[in-house]
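Chain by chain, the residues:
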Amino acid sequence: MIPSVLPTYSRAPLSFVKGEGSWLYEADGRRFLDLGAGIAVNALGHAHPALVEALTTQAQNLWHVSNLYHIPAQQALADKLVDESFADTVFFTNSGTEACELAVKMARKYWFEKDQPERVNIITFDGSFHGRSAAGIAAAGSEKMTKGFGPLLPGFIHLPFADHEAVAAAMDDTVAAILVEPVQGEGGIRPLPDACLKGLRDLCDETGALLILDEVQCGVGRTGKLFAHEWAGIEPDIMMVAKGIGGGFPLGAVLATENAASGMTAGTHGSTYGGNPLGCAVGGKVLDIIAEPAFLDEVNRKAGLLRQKLEGLVAEFPDVYESVRGAGLMLGLKCTAVNMDVIGAAYDKETLLIPAADNVVRLLPPLTITDDEISTAVARLEDVAQAVRTKNKD
Ligand SMILES: *Cc1c(COP(=O)(O)O)cnc(C)c1O
């Protein structure tokens, strides 16, 4: 008999009833160190007092009015995002997938309005992830996500990751945009080298194509800059944000330059819940905290500490952990052992890790993780390695 919840997820046998900072509590009182943060969503940890206050204050006043009216919290968050980024304008969504939908529509509409309606193709990359909607799975293109779902949305050109020559060769006058994650998340924490991102920017500048960055996972302080592309010193034309921006409340956004957004006039796009007062009140507070230079300095310092300790683990347990990769507090441990065995052993040590492709275990802790918690995390990963090693010897 089919479960009452559609069985599309394979879930761990855990259910949490309370969260606080970097910790999640089971009903039986067990306390888990959360190194996944809801897949980079709880950027400020669980139940951050400032976010609880922002949400409850807003909830006591106004939940929803629809985008038929002006929404002050939405306006304020858009202003902040414009101040803090390359963007001139922002559209709010409830998720990363919806941000992907708009990014694709915006790029195509741009060329339609420039009297080049044949420029509809969007270049994407192996190992990418852009959400589970019809456009999202067509964009990523992997068989795992697309098989069985019938005709896919056309207009995506899939190329090898970080292969500049392949992109250069594909840049003809049908290409509307390039869509890329500066650091692939689901694909196994694969950072696109800065030189590659600059190369994509150059190809776009030469051909007029728009550069769309998917910073749904790597954005909002995760890599130690407010947005990951800042490390490469380039700016996109369009950027998708979600996950961390809501700190756990469903919120996403598409940020764009005035030029890239020029086709999106009244009536061309919309969302019932997008930019609702609750999400924007929380998002505004998240951004106030994370955009502070001192906060980002701390992310970088802690990222260096964690990474150094993880390198030590790789040296000590080469039969379990193969290498460390990633940027900031978006780290991947490529495993020598089976990644799901590592994650299972971590559950036994009351520690939450997240799998990714390429046999990688992801560490995406709250950006507020403390030095003590980092030490605890690494001590537990040592215990995990011992347990996996022992199991593999039997
Ligand atoms: C999670 C994710 C998405 C999809 O976001 P949802 O909020 O799950 O719809 C898109 N792109 C990237 C890079 C992601 O990590």
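Our subject is the structure that appears above.
The structure presented is a predicted model; accordingly, all values stated were derived computationally and were not measured. (Residues numbered from 1 in each chain as written. Predicted model: local features only at pLDDT ≥ 70, side-chain atom pairs only at ≥ 80, totals over all residues. Heavy atoms only, no water.)

What follows concerns unusual backbone geometry. A positive phi angle, near 60 degrees, is found at Ile39, a position not held by glycine. Checked against the element boundaries, Ile39 lands in helix H1 (residues 37-40). Unlike most non-glycine residues, Asp358 shows phi in positive territory, near 70 degrees. As for its placement among the helices and strands, Asp358 is situated in the loop between strand E16 (354-356) and strand E17 (360-363). The partly exposed category is assigned to Asp358, whose relative accessible area is 40%. (Helix = DSSP H or I, 4+ residues; strand = E, 2+ residues; numbered from the N terminus. Buried < 20%, exposed > 50% of the residue type's maximum accessible area, 1.4 Å probe, protein only.)

This next bit is on the pattern of salt bridges. Scanning the model with the defined rule gives 14 salt bridges in all. Put simply, Arg301 and Asp371 hold a salt bridge, and the shortest N to O gap is 3.0 Å. One end of the pair, Arg301, is in helix H10 (residues 293-316); the other, Asp371, is in helix H12 (residues 371-393), and 70 residues separate them in sequence. The exposure class assigned to Arg301 is partly exposed, which follows from its relative accessible area of 38%. For Asp371, a relative accessible area of 31% translates into the label partly exposed. A network of salt bridges, in which partner residues are shared, links Glu26, Asp28 and Arg30. (Salt bridge = Lys/Arg side-chain N within 4 Å of Asp/Glu carboxyl O.)

A separate point is the side chain of Thr257. In this fold, Thr257 is placed in the loop between strand E12 (252-256) and helix H9 (277-290). Classification of Thr257 by relative accessible area gives buried; the value is 16%. One polar contact links the side chain of Thr257 to the main-chain amide nitrogen of Ala260, over a distance of 3.0 Å. Those residues within four positions of Thr257 in sequence are excluded, and the remaining contacts are Phe86, Asp88, Thr89, Pro236 and Asp237. (Polar contact = N/O pair within 3.5 Å; in protein donor to acceptor, adjacent residues only side chain to side chain. Contact = heavy atoms within 4.5 Å.)

Below, the discussion takes up the sheet that holds strand E10 (residues 210-214). Taken in spatial order, the seven strands of this open sheet run E4-E12-E11-E10-E7-E5-E6, and their pairing is mixed. Two strands in the sheet have a free side with no partner beyond their single neighbour: strand E4 (89-93) and strand E6 (156-159). Pairs of neighbouring strands in the sheet enclose a mean axial angle of 20 degrees, with direction left out of account. In terms of strand pairing, strand E11 (residues 238-241) meets E12 through four bridges, oriented antiparallel. Following the sheet pairing, Met240 is matched in E12 by Val254. Against the sheet, helix H4 (residues 96-113) makes contact with E4, strand E5 (121-125), E6, strand E7 (175-180), E10, E11 and E12, and its axis sits at roughly 165 degrees relative to E11, the strand it touches most. (Pairing = 2+ DSSP bridges. Axes fitted to C-alpha atoms, helices over the stretch in contact; angles between N-to-C directions.)

For helix H3 (residues 72-84), spanning 13 residues, the distance from its first C-alpha to its last is 18 Å, which sits close to the expected 18 Å at 1.5 Å a residue. Along H3, the residues that are buried comprise Ala73, Gln74, Leu77, Ala78 and Leu81. Projected down its long axis, H3 carries its buried residues within an arc of 135 degrees, all on one side. In H3, the exposed positions that point more than 90 degrees away from the buried face belong to Pro72 and Asp83. Residues of H3 that are buried make contact with E4, E12 and H9. (Expected span 1.5 Å × (residues − 1). Arc of directions from axis to C-beta.)

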